[in-house]
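# Working through the structure, step by step
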Amino acid sequence: MVMWVDDLRQACKDRLIGNEILFFSEIDSTNREAHDRARGGAREGTVILADSQSRGKGRRGRSWESPSGANLYFSIILRPPIYPSHAPLITLLAGVAAARALSAVSGLECLIKWPNDIFFRGKKLAGILAEMEGEGSGVRFIILGIGVNVNWRREDFPADLGMTATSLHAESGKEISRAGAAAGLFWELEKEYTAFIREGFSARLREEWNRLSWINGKQVTLSSPEGALSGRAVGLDTDGALLLVDGKGKTHRFIAGDMSLQRINKDEWDADERG
Ligand code: BTN
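In this report, the structure presented in the accompanying data block is examined. (Residues numbered from 1 in each chain as written. Predicted model: local features only at pLDDT ≥ 70, side-chain atom pairs only at ≥ 80, totals over all residues. Heavy atoms only, no water.)

This next bit is on helix H1 (residues 3–12). Three- or four-residue spacings in an α-helix give side chains the same orientation, since the helix completes a turn every 3.6 residues. For H1, the set of buried residues is Trp4, Val5, Leu8 and Cys12. Along the axis of H1, the buried positions cluster into a sector of 100°, meaning they face one direction only. In H1, the exposed positions angled more than 90 degrees off the buried face are occupied by Met3 and Gln10. Buried residues along H1 sit in contact with strand E1 (21–24), strand E2 (47–50), strand E3 (72–78) and helix H6 (178–199). (Buried < 20%, exposed > 50% of the residue type's maximum accessible area, 1.4 Å probe, protein only. Helix = DSSP H or I, 4+ residues; strand = E, 2+ residues; numbered from the N terminus. Arc of directions from axis to C-beta. Contact = heavy atoms within 4.5 Å.)

The next point concerns the sheet that holds strand E6 (residues 123–135). Here 7 strands make up an open sheet; going across it, the order is E1-E2-E3-E7-E6-E5-E4 and the pairing mixed. What marks the edges here is a single partner per strand, and that holds for E1 and strand E4 (111–113). Taking each pair of neighbouring strands and ignoring which way they run, the sheet shows an average axis angle of 20°. Pairing of E4 with strand E5 (residues 117–120), which is carried by 3 bridges, proceeds in the antiparallel orientation. Within the sheet, the bridge partner assigned to Lys113 lies in E5 and is Asp117. Sitting on the sheet, H6 is in contact with E1, E2, E3 and strand E7 (138–148), with an inclination near 25° to E3. (Pairing = 2+ DSSP bridges. Axes fitted to C-alpha atoms, helices over the stretch in contact; angles between N-to-C directions.)

Of all residues except glycine, most have a negative phi; of all peptide bonds, most are trans. Residue Trp114 is joined to Pro115 through a cis peptide bond whose omega torsion reads 0°. By the secondary structure assignment, Pro115 is in the loop between E4 and E5. In the Ramachandran plot, Arg60 falls in the positive-phi region, its phi being about 50° despite a non-glycine side chain. Along the chain, Arg60 falls in the loop between E2 and E3. The exposure class of Arg60 is exposed, given its relative accessible area of 53%. A positive phi angle is found at Arg121, which is not glycine, with a value near 45°.

This part covers the nonpolar core. Core analysis: the largest hydrophobic core is formed by 70 residues, its most contacted members being Leu8, Leu72, Trp114 and Phe186. Looking at which element gives the most residues to this core, the answer is helix H3 (residues 87–106), with 12 residues. Ignoring any residue separated from it by four or fewer positions in sequence, one finds Leu8 in contact with Ile21, Leu49, Ala179, Ala182, Ala183 and Phe186. With 10 residues, the next largest nonpolar core counts Ala34, Ala38, Ala42 and Phe141 among its residues. (Core = buried A, V, L, I, M, F, W, Y, C linked by side-chain atoms within 4.5 Å.)

Before going further, it helps to examine the packing of aromatic side chains. Under the criterion given, the structure shown has 4 aromatic pairs. Both rings, one in Trp4 and one in Phe23, keep their centres 6.0 Å apart while their planes meet at 80°; by these two values the pair is edge-to-face. With Trp4 in helix H1 and Phe23 in strand E1, this residue pair connects regions lying 19 residues apart in the sequence. The partly exposed category is assigned to Phe23, whose relative accessible area is 22%. (Phe/Tyr/Trp six-rings, centres within 6.5 Å; stacked < 30°, edge-to-face > 60°.)

Quick look at the structure:
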């Protein structure tokens, strides 16, 4: 029995997300386990939670550092009745939910770096990896994997990560309850997810994302297999695509699933750091 996991189960017992929580003190990757469980018929809202991962997966083939005793690593099984082309919207709503929940639990102003990193003052606090399996023209399931640097001490960060990543503890100086943080995350995710299933990509969700976006107004470069494009990020449009205005004033649309944010213009970054 792990006490903080019991507390979390108690907090989620009447909810969709976290109604069932499968806990592993060590696992290769919660996303891999969630895939297997989802294929085996696990119901929507099931959470795979781990204290540590030996092969935590990041986006674009990167790994996710997952030491024990400090952070949150979990994957949620979702079965949304949507078209596969709408799956990137789940990533956007997860960003809103995560930014809100992590701000509430830490007192820090956590923001979203498109498409789905959670940042505090230019450093990464949390990452989201959504993986979809299709079925015919629909979605069989989506695995929403989230890693949050919670109580990771600054001195324990691997040297290369210290420049770009941080934790709630390193920034707030507070020991944060993992059960409290996870319960808040699950609840915010549940509210945004059920609203999305009811209403689709609503004006409210779009405005909320734009309000929490760290990149709006900044000069950024987005990359895809077809190449890179630079411009000023001006927010999401009504379909959830990110709009970028290039140097000639032309507007371009980008879908989270197809593109990655490669870099933020250094002057803008510095200005943000100072501000
Ligand atoms: C990223 O920013 O690159 C995404 C990181 C996602 C990490 C989480 S930790 C829990 C879940 N299991 C994994 O193997 N990856 C995700």
